[in-house]
Amino acid sequence: MNLFDTVQEMGHEQVLFCHGKDPDIKAIIAIHDTSLGPAMGATRMLPYLNEEAALKDALRLSRGMTYKAACANIPVGGGKAVIIADPAHKTEDLFRAYGRFVDRLQGRFITGQDVNLTPENVRTISKETNYVVGVEEKSGGPAPITAQGVFLGIKAAVKFRLQSESLEGLKVAVQGLGNVGRNVCQLLHENGAELFVTDISQEKAEEVKRTFGATVVAPDEIYSLDVDIFSPCALGGILNSQTLHSMKAAIIAGAANNQLAQEEIHSQMLVEKGILYSPDYVINAGGLINVYNEMIGYNEEKAFKQLHNIYDTLLEIFARAKQQEISTNEAAKQLAEERIMNARKIKNKEMIVSC
Ligand SMILES: NC(=O)c1ccc[n+]([C@@H]2O[C@H](COP(=O)([O-])OP(=O)(O)OC[C@H]3O[C@@H](n4cnc5c(N)ncnc54)[C@H](O)[C@@H]3O)[C@@H](O)[C@H]2O)c1
Ligand SMILES: N[C@@H](Cc1c[nH]c2ccccc12)C(=O)O
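Here is what the cut-offs are and how they apply
- Residues numbered from 1 in each chain as written.
- Chains lettered and ligands numbered in written order.
- Predicted model: local features only at pLDDT ≥ 70, side-chain atom pairs only at ≥ 80, totals over all residues.
- Heavy atoms only, no water.
- Core = buried A, V, L, I, M, F, W, Y, C linked by side-chain atoms within 4.5 Å.
- Buried < 20%, exposed > 50% of the residue type's maximum accessible area, 1.4 Å probe, protein only.
- Helix = DSSP H or I, 4+ residues; strand = E, 2+ residues; numbered from the N terminus.
- Contact = heavy atoms within 4.5 Å.
- pLDDT = per-residue confidence, 0-100.
- Pairing = 2+ DSSP bridges.
- UniProt positions renumbered as here; feature names shortened; annotations may be inferred.
- Expected span 1.5 Å × (residues − 1).
- Near = heavy atom within 4 Å.
- Polar contact = N/O pair within 3.5 Å; in protein donor to acceptor, adjacent residues only side chain to side chain.
- Areas by Shrake-Rupley, 256 points an atom, 1.4 Å probe, with all protein chains shown as cover.
- Nonpolar A, V, L, I, M, F, W, Y, C, P; charged D, E, K, R; others polar.
- Salt bridge = Lys/Arg side-chain N within 4 Å of Asp/Glu carboxyl O.

Caption draft 1: Here's a closer look at the nonpolar core. Grouped together as the largest cluster of nonpolar side chains are 67 residues, with contacts concentrated most on I154, V174, L188 and L195. In terms of residues, this core owes the most to one element, helix α5 (residues 143-162), which gives 10 residues. For L195, the residues in contact, after removing those within four places along its chain, are V172, V174, C185, L188, H189, F212, A214 and T215. In terms of nonpolar packing, the next biggest core, distinct from the first, is built from 23 residues, A81, A85, L94 and Y98 among them.

And the structure:
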């Protein structure tokens, strides 16, 4: 990877390589854009195959956070951090060293819990910096609100693609029954949908089968089911040439980040197959809305009002994509970039006035 070319192409403001000897720490903090406000992005910990894979993850996820905040109309920018390590080797020293790196950014980057971090780990990071959210879980953690946002996104897609206000009798395949996926199943079940589910944990799948009458399928069978909606709530990269080839669903709407394996190729493939795709960073903004509201003083009414924007924003994106004959992914990007450009123009005007 040609580092500066990539960073320039993706529009990042700053990428920090954090290294320490004692304790041994390797982390990357990617700040994509702060036009709308400080960069918010949770921290994940993974034993990446190589450093390039870690960097790619941080760059792509941080850009996703910028677009996520812009589409959700939240006045923050996008960032993301990855700690390159095996989660089996967590230590207090490691998280405190990481916290000091975050603190040195003096609020340009605000972080919290993502893949393989626990609320306890985030609490340890917060011993070194105040620029952490979700420590107290004042609002009950982000997953329930993320699931509600996904549910609203599914309803918007059903309205646009199937011209229906109801989910009654629709078949939905849910991949991943973790914190978000299980809540999505509950909301779908309560609204009359028929569930087909999978998880690598047999225990989770059996529990959802018992509780919501779902049909359990093997992990590699979930993509090709004859269903109306596919809701990916587990991993990224699941929309690829192989899975899309056999996909029969009319709608894809789920919580997972970075669903498209290769953005341009696979968003185009979705258009060609006539599948309506709800861009991941639009439909899964509930978690960000939640932590943002925690940061400014949690107000449930306000948070839910912002959450409901997901429904209207998706309808706007679908209509824009149809009108311009572009992918929904491209339409979402356009919307986000317009909002960021407007914010920059206002900032520039304010600077001229105050000069
Ligand atoms: N938690 C949030 O608020 C939030 C917000 C935005 C986006 N997301 C994204 O949504 C997704 C789910 O988040 P979560 O908090 O529910 O995570 P989680 O870890 O609680 O759940 C993920 C589930 O997926 C299952 N899984 C993993 N690999 C699988 C596979 N190959 N096939 C089937 N199931 C598999 C796991 O066993 C687990 O049950 C993630 O991609 C996350 O980045 C979550
Ligand atoms: N990880 C969530 C949002 C989130 C949860 N906790 C956070 C802390 C800081 C910033 C963002 C978050 C997402 O991908 O949308």
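Now that the structure has been shown, we can carry on.
Caption draft 2: The arrangement of the confidence of the model for the chain in detail. Taken as a whole, the chain shows an average pLDDT of 94; of its residues, 97% reach a score of 70 or greater. Scored as a complex, the prediction yields pTM 0.93 and ipTM 0.98.

Caption draft 3: Layout of the pairing of strand β10 (residues 229-232). Burial of the side chains of β10 extends over both faces: I229 and S231 are buried on one face and F230 and P232 on the other. Bridge count for strand β7 (residues 171-175) against β10 is four bridges, and the pairing is parallel. Residue pairing across strands places Q175 opposite P232, the latter belonging to β10.

Caption draft 4: Structural view of the sheet that holds β10. Spatial ordering of the open sheet is given by β9-β8-β7-β10-β11-β12, a layout of six strands whose pairing is parallel. The outermost strands of the open sheet, each flanked by one partner alone, are β9 (215-216) and β12 (276-277).

Caption draft 5: Summary view of the UniProt feature "active site" (unreviewed entry) in the chain. This chain's UniProt record puts "active site" (unreviewed entry) on K80. Position of K80 among the secondary structure elements: in strand β5 (residues 77-84). Judged by its relative accessible area of 3%, K80 falls in the buried class. Sequence-distant contacts of K80, defined by excluding residues within four places in its chain, comprise I28, I29, A30, G41, A42, R44, A58, L61, S62, F109 and D114.

Caption draft 6: Representation of α5. Over its 20 residues, α5 runs 27 Å from end to end, which matches the ideal 28 Å to within 8%, given 1.5 Å per residue. Count one or two residues on from α5 and you reach Q163, which has phi positive near 50°.

Caption draft 7: Region of interest: the site of ligand 1. Neighbouring residues of ligand 1: 18 residues in total, closest T146, N179, V180, D199 and K204. A distance of 2.7 Å separates an oxygen atom of ligand 1 from a polar side-chain atom of T146. The separation between an oxygen atom of ligand 1 and a polar side-chain atom of D199 is 2.6 Å. Notes on ligand 1: free accessible area 820 Å², of which the protein chains cover 76%. Contributing elements (two or more residues each) for the shell around ligand 1: α5 and α6 (179-190). Within the shell around ligand 1, the residues separate by chemical class into 10 nonpolar, six polar and two charged.

Caption draft 8: Main features of the pattern of salt bridges. Within this structure, the stated rule accounts for 16 salt bridges. Here R344 ties to D33 by a salt bridge, and the two come within 2.5 Å at their closest N and O atoms. Remark: D33 occurs in strand β2 (residues 25-33) and R344 occurs in helix α13 (residues 328-354); sequence separation between them is 311 residues. Classification of R344 as partly exposed rests on a relative accessible area of 36%. E263 is the salt-bridge partner of R60, the closest N and O atoms lying 3.9 Å from each other.

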